[in-house]
Amino acid sequence: MRSLVCAPLVAALLFSPALVEAQVPYGPGDWPQWRGPRGDGISLDSGLLKEWPQEGPPVVWRVDSVGVAYSSIAVKDGRIYTQGDLGGVEHVICLDATGGQTIWAVQPEPVARLLAARVAGELKQLDKNGDGKVDELEALTRFGWSWNQYNQPISGDLAANAKQRATALFNQLDKNMNGKLEFAEAGNLLREQFERIDAEDKSADGAQLAAARSGAHFTSLDKDGDGRISRPEARGSALDRNFSRYDARDPATNKGDELLSSDELTQGLLKSEPGRDGEITAEELERFYIQSNVKGDGELVVSELAGTVGGYRNGMGDGPRGTPTVDGDR
């Protein structure tokens with residue numbers, strides 16, 4: 001959407017005679033669009049400091065109410081306009097320039113319509129029992145652990161809530177009912193969190209534990225019995241994500257051979273996962289909930305689902321990039 005809509009819009013605004021050669025008067029401090037009144041990055045104000053005082057410029061006010069974004073600001077008639085991701089949903093935001101109070105925050109109507117349609121589609125797909133909510137297992141399957149940041153906090157004891165949620169999820173995942181979650185039961189669901197939940201046992205013999213885990217991997221993955229685990233054999237298993245880390249590199253080429261020997265795997269596990277057995281207990285899962293400060297009720301209602309799927313997500317940083325333009329009273 002940004003590539004197709006925003007870029008041409010910004011180009012049109014920057015080269016619009018009505019904005020670049022604006023005839024309307026601007027007051028002191030007005031900066032009604034990106035790069036200023038004339039779109040050239042030059043302020044019309046005078047008497048500006050040539051350098052900051054040694055103690056720096058005084059902070060008049062500071063707020064954290066504008067969400068996540070890379071949007072700049074527009075200033076006109078004592079109001080500041082910007083964009084921000086509030087609760088996972090993009091908003092255009094207006095602040096009082098005097099004290100920073102939020103005057104209004106609205107979601108652009110075209111974006112609101114698109115998001116409403118997407119939320120309806122997601123809810124239809126995920127809400128298997130039709131109760132208008134997405135439960136924890138459904139949310140994890142679709143969004144991974146990050147969904148928790150959009151599950152609004154509830155009152156009550158953090159530890160008690162963590163125990164209740166962890167116990168319910170553990171019982172759903174422990175298919176063989178052996179009191180532990182193996183990677184085959186929960187690894188693909190919890191993804192990168194699986195290794196973090198599997199706590200290190202400092203009292204265990206690390207070398208012995210790594211050797212036992214290595215032997216178990218070879219038993220289940222070495223399908224051709226050649227004494228090596230190839231990358232295709234490791235695909236989808238607990239070794240898949242860290243295969244290259246365990247695969248010893250040739251000093252001449254700085255590359256691995258895409259095959260894991262028993263010794264390579266044992267040494268790799270001993271180095272990168274010391275004291276870990278590759279399984280998750282109910283206590284470890286409960287502890288992870290507490291450490292992650294998870295305070296939600298474990299369900300996504302429609303408004304929370306909108307935050308989960310809304311907004312702009314990017315590996316370089318989330319949130320909108322565009323800066324509002326003020327044209328007259330619009």
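Here goes a summary of the coordinates provided. If you're wondering where the values come from, they're calculated on a predicted model, not measured in any experiment.

How each quantity is defined
Residues numbered from 1 in each chain as written. Predicted model: local features only at pLDDT ≥ 70, side-chain atom pairs only at ≥ 80, totals over all residues. Heavy atoms only, no water. Helix = DSSP H or I, 4+ residues; strand = E, 2+ residues; numbered from the N terminus. Buried < 20%, exposed > 50% of the residue type's maximum accessible area, 1.4 Å probe, protein only. Axes fitted to C-alpha atoms, helices over the stretch in contact; angles between N-to-C directions. Parallel < 35°, antiparallel > 145°, perpendicular 65-115°, else oblique. Contact = heavy atoms within 4.5 Å. Nonpolar A, V, L, I, M, F, W, Y, C, P; charged D, E, K, R; others polar. Pairing = 2+ DSSP bridges. Core = buried A, V, L, I, M, F, W, Y, C linked by side-chain atoms within 4.5 Å. Polar contact = N/O pair within 3.5 Å; in protein donor to acceptor, adjacent residues only side chain to side chain.

### Describing the environment of Lys163
And then number 1: Along the chain, Lys163 turns up in helix 5 (residues 158-173).
And then number 2: Residue Lys163 is classed as partly exposed on the basis of its relative accessible area of 45%.
And then number 3: Sequence separation between Lys163 and Glu283 is 120 residues, and the spatial gap between their C-alpha atoms is 8.5 Å.

### Considerations on the packing of helix 3 (residues 109-126) against helix 13 (residues 302-309)
And then number 1: At their nearest, the axes of helix 3 and helix 13 sit 10 Å apart, and the two run at 110 degrees to each other. In terms of their interaxial angle, helix 3 and helix 13 are classed as roughly perpendicular. Facing Leu115, Arg118, Val119, Glu122 and Leu123 of helix 3, the residues of helix 13 in contact are Val302, Leu305, Ala306 and Val309.
And then number 2: In terms of residue class, the contact of helix 3 with helix 13 is built from seven nonpolar, no polar and two charged.

### So, the sheet that holds strand 4 (residues 102-106)
And then number 1: With antiparallel pairing, four strands are arranged side by side in an open sheet as 1-2-3-4. A single partner strand is all that each edge strand has here, and the edge strands are strand 1 (74-76) and strand 4. Going from strand to strand, the sheet's axes swing by 25 degrees on average, the running direction of each strand aside.
And then number 2: Judged from the eight bridges that link them, strand 2 (residues 79-86) and strand 3 (residues 89-96) form a sheet pairing that is antiparallel. Looking at the pairing, Asp85 lines up with Glu90 of strand 3.

### With respect to helix 11 (residues 262-272)
And then number 1: Among the residues of helix 11, Glu264, Leu265, Thr266, Gly268 and Leu269 are the ones counted as buried.
And then number 2: For helix 11, the elements touching its buried residues are helix 8 (206-221), strand 6 (229-230), helix 10 (243-246) and strand 7 (259-260).

### Structural notes on the environment of Leu86
And then number 1: Tracing the sequence through the fold places Leu86 in strand 2.
And then number 2: Overall, the relative accessible area of 27% leaves Leu86 in the partly exposed class.

### Description of the nonpolar core
And then number 1: The biggest cluster of nonpolar side chains holds 32 residues, and the ones touching the most others in it are Leu190, Leu285, Tyr289 and Leu305.
And then number 2: When contributions to this core are tallied by element, the ones reaching two or more residues are helix 3, helix 4 (136-143), helix 5, helix 6 (183-190), helix 7 (193-197), helix 12 (282-291) and helix 13.
And then number 3: Top contributing element to this core by residue count: helix 5, with five residues.
And then number 4: Leu285 has contacts with Ala166, Leu169, Phe170, Ile197 and Ile280, leaving out every residue within four places of it along the chain.
And then number 5: Membership of the second largest hydrophobic core comes to eleven residues, among which are Ala234, Leu239, Phe243 and Leu265.

### With respect to the pairing of strand 2
And then number 1: Counting buried positions over the eight residues of strand 2 gives six, a clear majority of the element.
And then number 2: Strand direction decides the pairing type here: strand 1 and strand 2, joined by three bridges, are antiparallel. Bridging from a neighbouring strand, Lys76 pairs with Arg79 of strand 2.
And then number 3: In this structure, the hairpin formed by strand 1 and strand 2 is closed by a connection of two residues, where Asp77 is found at a positive phi of approximately 50 degrees.

### Focus on the side chain of Thr323
And then number 1: Of note, Thr323 is situated in the segment after helix 13.
And then number 2: A polar contact is formed between the side chain of Thr323 and the backbone nitrogen of Ser72, at a distance of 3.0 Å.
And then number 3: Ignoring any residue separated from it by four or fewer positions in sequence, one finds Thr323 in contact with Trp34, Ser71, Ser72, Ile73, Ala74 and Gln83.

That is the geometry; function is a separate question.
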